[in-house]
Amino acid sequence: MPAAANGAAGTDGELIVIDGDVAYNFWQFNRTSTTTASAASFGAENIVTGDGWGSKSPFLSAGITAVGASQLGGLLVKDETNDGSIDHALQLVVDSKLVQSGAIGQAISSDGSSASGIVKEGQLLAIPPGTPMPAGLSKLGQEVFTALQKYGAYVVDVAGGTTNIRAQANAFDDATMTALWHDMGNITPLLQGVSGGSGSPGSGSTGGSTGGTTVTNPTTNPPVVVNPPTTTDPTTPTTPTTPAKDTTRPTVQWVAANGTNTTNGTGTVHVGDTVYLTLKLSEAVTVSGTPTLSLNDKGTASYVSGTGTDVLQFEYKVAAGQNTADLAIKTYNLSGVKDLAGNALDLSSAPYQPAGTLAVDTKTNTTAPQVQWIAATGSKLQNGNGTVSAGDTVRLSVNFNDVMTVNGTPSLSLNSKGTAKYVGGSGTNTLQFDYKVAAGETAADLEVSGYNLTGVKDRAGNAVNVDGAPHQPGGVLAVGSTTPKDAFAPQVQWISTSGSGIHNGHGTVGTGDTVWLSVNFKDAMTVDGKPTLSLNSNGTANYVSGSGTNTLQFKYVVGAGEKAADLEVSGYNLNGVTDGAGRSVNVDGAPHQPGGVLAIDAGSRSGATDFSFGNRRTVGYPGFQESGASLTPSTSTAMSRLALLDQYAASSFATPASTSTGAAQGWWNNSAQTLAKPQA
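**A word on the overall build of the protein chain**
Step number 1: A tally of regular secondary structure across the protein chain gives four helices and 49 strands.
Step number 2: By the burial criterion, 43% of the 680 residues in the protein chain qualify as buried.
Step number 3: Taking as baseline every contact in the protein chain between residues at least 6 positions apart, the subset at least 24 positions apart corresponds to 68%.
Step number 4: Working note: accessible area of the protein chain is about 32,700 Å², and carbon and sulfur atoms make up 50% of it.

This is the structure in structure tokens:
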């Protein structure tokens with residue numbers, strides 16, 4: 001998961017993580033470091049084969065909604081709405097005053113408790129077919145209305161004082177969400193209970209009025225589309241009428257505030273916080289010049305986007321000395337804003353007060369920011385673990401509980417006697433420091449011995465309080481040659497031999513014969529240089545191929561006078577062999593003895609390949625990979641010469657120790673393939 005992924009704001013702290021085909025739904029998710037987190041509970045559901053609902057027996061939640069459904073089901077997803085159509089039911093979170101106790105339909109649980117409620121959790125609600133769409137809805141509001149009329153929405157949870165649908169966080173811009181927020185005020189009163197669907201018949205709408213008409217299932221009874229009447233050409237042409245000039249001036253319908261520390265227009269913002277003011281107009285307008293809004297705290301909101309639409313966006317960044325109990329527009333400065341006919345705005349009845357209470361307070365924030373965590377990353381590190389030496393660079397990320405600004409050259413003193421210097425992050429809550437290891441610097445486990453953060457302050461100008469700040473990054477990061485070996489360094493898993501005259505690692509080879517040694521690692525390895533294997537026969541096996549895989553091939557040609565009762569590797573010379581993270585091989589405890597007994601006798605030669613097992617005649621073929629041959633079977637490889645597969649059945653295949661490289665790799669690394677003709 002990305003280090004920035006965390007639970008949503010609010011008491012639910014919800015988070016959806018999609019891993020493959022499974023959606024994990026977390027409740028009260030809270031990240032505690034770059035690699036750890038806590039959660040009160042979670043549910044999981046397969047997004048391909050699942051239906052999004054939990055099971056009643058056995059009781060097993062699919063997510064963290066009150067009804068036990070996955071939050072991914074019914075979510076507004078931006079990529080989908082961009083296509084112009086929402087082709088599924090939505091999830092509805094209903095004002096707690098309207099939700100009775102008990103679960104119905106496919107819901108497996110409930111937290112509704114209102115004695116005067118009009119719906120239950122799990123109930124399907126929808127807008128009756130034929131209901132006209134309210135005028136003035138935004139593009140997304142129109143899509144939501146259509147989905148609610150065609151598919152409906154399931155009541156999945158309760159909320160205090162509001163009824164809403166849920167959308168993908170951090171995907172839609174503020175102007176779109178603000179417009180939808182207002183649209184829902186016109187849409188939700190149209191919802192009624194559905195009969196014949198998964199929920200029970202309703203007795204009212206979520207708009208708060210009782211009564212209402214029970215409608216048929218919207219998924220099976222879409223509105224009837226009537227074709228317009230056909231007309232015939234008039235017998236005599238008519239004189240075209242000159243359309244009247246549009247002289248109606250556009251008006252401001254509403255203004256809304258959102259942004260940092262702001263929810264539904266309510267909150268308190270401080271120095272450095274950004275507030276977005278959204279103006280909804282009666283028609284599309286064009287913008288020229290630099291329109292602004294003068295605010296009652298002596299601040300100014302500047303135009304940022306919206307020309308060509310009926311929604312304009314203004315941005316206001318709070319500065320020191322700007323204060324108000326409730327932010328409002330003092331003056332509209334919109335001389336360059338006109339409708340498509342060129343009419344200027346009519347501001348005679350324009351609203352000046354955004355909904356909600358948004359306080360601007362630049363006086364009371366005197367709390368010093370604190371360090372929350374510190375993490376180490378680099379090319380040789382994995383989850384903070386690893387070993388670095390002179391010339392290597394370590395990135396230290398220091399996270400604070402507030403957005404920080406940097407003025408000067410802060411640094412971190414380290415227990416290796418090195419220094420990490422600030423490189424970036426001002427304006428965010430995580431600052432980055434780089435440490436380049438110098439000769440002679442050592443530490444068994446790198447840590448910060450001193451924070452030198454002069455010039456690092458929060459947006460209100462408060463300096464950092466480092467009392468109780470963490471000094472130890474997660475993991476064990478060793479610096480220098482005196483440190484223990486990297487626990488994550490790649491290791492040799494097994495070694496095997498193959499070649500002409502060698503069967504299951506057994507055999508005798510002599511002068512001029514070739515022995516192939518396959519060395520297997522846990523991870524894929526890259527080779528830079530000419531690694532070798534020293535052998536107890538006084539010979540040397542030279543690297544041939546395998547870079548990019550987890551099995552490297554070495555070739556040993558037996559020289560005159562070289563002897564061994566059983567061939568083994570007396571020394572690994574693997575300089576230049578590293579894993580994907582750049583770590584060198586740790587050969588401590590590596591196997592040196594290939595399976596089988598392979599004698600090296602310079603006075604002998606290897607021999608026959610035909611053998612008999614019981615009443616079956618078998619044919620042995622040395623299936624080792626030739627120098628330069630591809631691992632992919634083709635006309636130039638050993639596979640093409642195994643035409644015996646057409647007339648012989650496999651009796652046994654000599655293979656080395658268990659490996660994760662798969663059957664294909666095992667084929668090429670094993671000794672002679674034994675093919676037995678089937679019994680008559």
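Right, picking up where we left off after that structure.
**What to know about the packing of helix α2 (residues 139–150) against helix α3 (residues 174–187)**
Step number 1: Where α2 contacts α3, the two axes come as close as 9 Å, and the packing angle between them is 40°. In this view, α2 runs oblique relative to α3, as classed from their interaxial angle. Judged by the twist between their axes, the crossing of α2 over α3 is right-handed. Between α2 and α3, the contacting residues are Leu140, Gly141, Val144, Phe145 and Leu148 on the first element and Thr176, Met177, Leu180, Asp183, Met184 and Ile187 on the second.

**A closer look at the sheet that holds strand β11 (residues 164–165)**
The strands making up a sheet associate through hydrogen bonds between their backbones, and the pairing can be parallel or antiparallel.
Step number 1: If you walk across this open sheet you meet the five strands as β11-β6-β10-β9-β12, and the pairing is mixed. In the strand order of this sheet, the two ends are held by β11 and β12 (192–193), each with one partner.
Step number 2: The pairing of strand β9 (residues 124–126) with β12 spans two bridges and is classified as antiparallel. Note that in β12 the partner of Ala126 across the bridge is Gln192.
Step number 3: Contacting β6 (90–95), β9, β10 (153–159) and β11, α2 crosses the sheet at an angle of about 95° to β6.

**Some points on α3**
Step number 1: The terminal C-alpha atoms of α3, which comprises 14 residues, lie 20 Å apart, in line with the 20 Å expected from a rise of 1.5 Å per residue.
Step number 2: Regarding α3, the residues found buried are Ala175, Thr178, Ala179, Leu180, Asp183, Met184 and Ile187.
Step number 3: Contact partners of the buried residues in α3: α2, β11, β13 (252–259), β16 (274–281) and β20 (311–317).
Step number 4: At the N-terminal end of α3, a side-chain oxygen is found 3.1 Å from the backbone nitrogen of Ala175, two or three residues along, and the residue is Asp173.

**Comments concerning the pairing of β20**
Step number 1: Here β20 lies mainly inside the structure; five of its seven residues are buried.
Step number 2: Pairing between β16 and β20: seven bridges, direction antiparallel. By the bridge assignment, Lys280 is partnered in β20 with Val311.
Step number 3: In terms of strand pairing, strand β19 (residues 300–305) meets β20 through three bridges, oriented antiparallel. Bridge pairing links Ser302 to Glu315 in β20.
Step number 4: With antiparallel pairing between neighbouring strands as the criterion, β19 and β20 make up a hairpin whose turn holds five residues, including Gly306 at a positive phi of roughly 120°.

**Thoughts on the packing of aromatic side chains**
Step number 1: The final tally for this structure, using the stated rule, is eight aromatic pairs.
Step number 2: Ring centres of Tyr24 and Phe42 lie 6.3 Å apart, and the angle between their planes is 45°; on these two criteria the pair is classed as tilted. Of this pair, Tyr24 sits in strand β2 (residues 22–27) while Phe42 sits in strand β5 (residues 41–46), and the two are 18 residues apart along the sequence.
Step number 3: For Phe42, a relative accessible area of 52% gives the class exposed.
Step number 4: Ring centres of Phe26 and Phe29 lie 5.3 Å apart, and the angle between their planes is 65°; on these two criteria the pair is classed as edge-to-face. Take Phe26 and Phe29: they sit in the same class, and that class is buried.
Step number 5: Of the aromatic side chains, those joined through ring pairs into one cluster are Tyr24, Phe26, Phe29 and Phe42.

**Regarding the layout of surface pockets**
Step number 1: For the largest pocket, the calculated volume is near 2,300 Å³.
Step number 2: Together, 46 residues line the largest pocket, and Ala8, Ala9, Glu14, Ala167 and Ala169 are the ones closest to its centre.
Step number 3: The dominant element in the lining of the largest pocket, judged by the number of residues it contributes, is α3, at seven residues.
Step number 4: Of the residues contributing to the lining of the largest pocket, the split by class is 21 nonpolar, 21 polar and four charged.

**Points about unusual backbone geometry**
Step number 1: A positive phi is found at Asn261, a non-glycine position, where the angle reads about 60°.
Step number 2: By the secondary structure assignment, Asn261 is in the loop between β13 and β14 (262–263).
Step number 3: Judged by its relative accessible area of 45%, Asn261 falls in the partly exposed class.
Step number 4: Although it is not a glycine, Asn504 sits at a positive phi angle of roughly 55°.
Step number 5: Summarising the element assignment, Asn504 is placed in the loop between β35 (502–503) and β36 (506–509).
Step number 6: With a relative accessible area of 51%, Asn504 lands in the exposed category.

**Details of the side chain of Ser411**
Step number 1: Secondary-structure assignment places Ser411 in strand β28 (residues 411–414).
Step number 2: When its relative accessible area of 16% is taken as the criterion, Ser411 is described as buried.
Step number 3: If we ignore the near neighbours within four places in the chain, the residues touching Ser411 are Thr419, Ala420, Phe433, Gly450, Tyr451, Asn452 and Leu453.

About the cut-offs
- Residue positions are given per chain, counting from 1 as you read along its sequence in written order.
- Where totals are concerned, whole chains, interfaces and linings use all residues; where local detail is concerned, this predicted model gives features only for residues with pLDDT of at least 70, and gives and counts side-chain atom pairs only at 80 or more.
- Note: side-chain values were computed over all heavy atoms of the structure, leaving out hydrogens and water.
- Note on conventions: DSSP H or I runs of at least 4 residues are helices, E runs of at least 2 residues are strands, and numbering of each starts at the N terminus.
- Here the term buried applies to any residue with accessible area under 20% of the maximum for its type, exposed to any over 50%, and partly exposed to those in between, with areas from a 1.4 Å probe on protein chains only.
- By definition, residues are in contact when any of their heavy atoms lie within 4.5 Å.
- Throughout, the Shrake-Rupley method with a 1.4 Å probe supplies accessible areas, and for residues the shown protein chains are the sole cover considered.
- Axis lines are fitted to C-alpha atoms, over the contacting stretch for helices. Their N-to-C directions set the angle, which ranges from 0 to 180 degrees.
- Any angle that falls under 35 degrees is termed roughly parallel, while one over 145 is termed roughly antiparallel, one within 65 to 115 roughly perpendicular, and all others oblique.
- Should the near helix be turned anticlockwise from the far one by less than a right angle, the crossing is termed left-handed; should it be turned clockwise, right-handed.
- Two strands are counted as paired when DSSP detects at least two bridges linking them.
- By this rule the span expected of a helix is its residue count minus one, scaled by 1.5 Å.
- Polar contact is the term for a pair of N or O atoms within 3.5 Å; when the atoms are in protein, one must be able to donate a hydrogen and the other to accept it, and sequence-neighboring residues count only if both atoms are side-chain atoms.
- We call Phe, Tyr and Trp rings a pair once their centres come within 6.5 Å, taking the six-membered ring for Trp, and we label the pair stacked below 30 degrees between planes, edge-to-face above 60, and tilted otherwise.
- Cavity means a closed set of points on a 1 Å grid over the protein atoms alone, one where a 1.4 Å probe fits but cannot get out, pocket means an open set with protein on both sides within 12 Å along at least 5 of 7 lines, and lining means a residue has an atom within 4 Å of a point.
- Grid points are joined across faces, edges and corners, and a volume is the space filled by probe spheres set on the points.
- Think of it as three bins: nonpolar holds Ala, Val, Leu, Ile, Met, Phe, Trp, Tyr, Cys and Pro, charged holds Asp, Glu, Lys and Arg, and polar takes everything else, Gly as well.

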